Amino acid sequence: CYGAGAPCYRCIWGDEQISAGGCSTLGVVGMLPGLVAMVLGVEAVKIITSGVSSLEGQLLTYDGRTCSFRKMKLRNSKPECLA
């Protein structure tokens, strides 16, 4: 996500998810970082060449069980957020 007012991880998932741990404690399926890097690379090229991203203001999720992507519109950051 981009720009001022964009939500952080804590704004999206809440304190409960943060206290459960992240990738460093829960682990990551081996190929997922490569998949994320590929998507980010494509978005970077689109921003460099046209100045526009199709993911601006949205969260892209991937479900490995069904091999499907889903885009969700992001809300603004919470005013009371510590981050």
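Predicted model, so just to flag it, every value in this text is computed and none were measured.

**A short note on the overall build of the protein**
When its secondary structure is counted, the protein shows four helices and two strands. Every one of the 83 residues in the protein was classed for burial, and the buried ones make up 10%. Partitioning the contacts of the protein with sequence separation of at least 6, the portion at a separation of at least 24 is 46%. By element, 61% of the accessible surface of the protein is carried by carbon and sulfur atoms, the whole surface being about 6400 Å².

**Description of the pairing of strand E1 (residues 58-63)**
As paired elements, E1 and strand E2 (residues 68-73) share six bridges and run antiparallel to each other. Bridge pairing in E2 places Thr61 opposite Arg70. Counting the residues between successive antiparallel strands, the hairpin from E1 to E2 contains four residues, one of them, Cys67, with a positive phi of roughly 55°.

**Observations concerning the pattern of salt bridges**
Within the structure shown, the criterion is met by two salt bridges. The closest approach of N and O atoms between Glu43 and Lys46, which form a salt bridge, is 2.6 Å. Of this pair, Glu43 and Lys46 are both found in helix H4 (residues 32-50), three residues apart, which corresponds to roughly one turn of the helix. You can call Glu43 buried: its relative accessible area is 7%. On the accessibility criterion, Lys46 (27% relative accessible area) is partly exposed. Taking the shortest distance from any N to any O, the salt bridge between Asp63 and Arg65 comes out at 3.5 Å.

**Structural notes on the side chain of Ser53**
Looking at where Ser53 falls in the secondary structure, it is placed in the loop between H4 and E1. Only 2.3 Å separates the side chain of Ser53 from the side chain of Glu43, close enough to count as a polar contact.

**Description of H4**
With 19 residues, H4 should reach 27 Å at 1.5 Å per residue; the first-to-last C-alpha distance of 27 Å fits that figure. Directly beyond the C-terminal end of H4, a positive phi value near 75° is found at Gly51.

**Here's the deal with unusual backbone geometry**
Despite not being glycine, Cys67 has its phi angle at roughly 55°, a positive value. Judged by its relative accessible area of 57%, Cys67 is exposed.

Cut-off values and rules
- Residues numbered from 1 in each chain as written.
- Predicted model: local features only at pLDDT ≥ 70, side-chain atom pairs only at ≥ 80, totals over all residues.
- Heavy atoms only, no water.
- Helix = DSSP H or I, 4+ residues; strand = E, 2+ residues; numbered from the N terminus.
- Buried < 20%, exposed > 50% of the residue type's maximum accessible area, 1.4 Å probe, protein only.
- Contact = heavy atoms within 4.5 Å.
- Areas by Shrake-Rupley, 256 points an atom, 1.4 Å probe, with all protein chains shown as cover.
- Pairing = 2+ DSSP bridges.
- Salt bridge = Lys/Arg side-chain N within 4 Å of Asp/Glu carboxyl O.
- Polar contact = N/O pair within 3.5 Å; in protein donor to acceptor, adjacent residues only side chain to side chain.
- Expected span 1.5 Å × (residues − 1).

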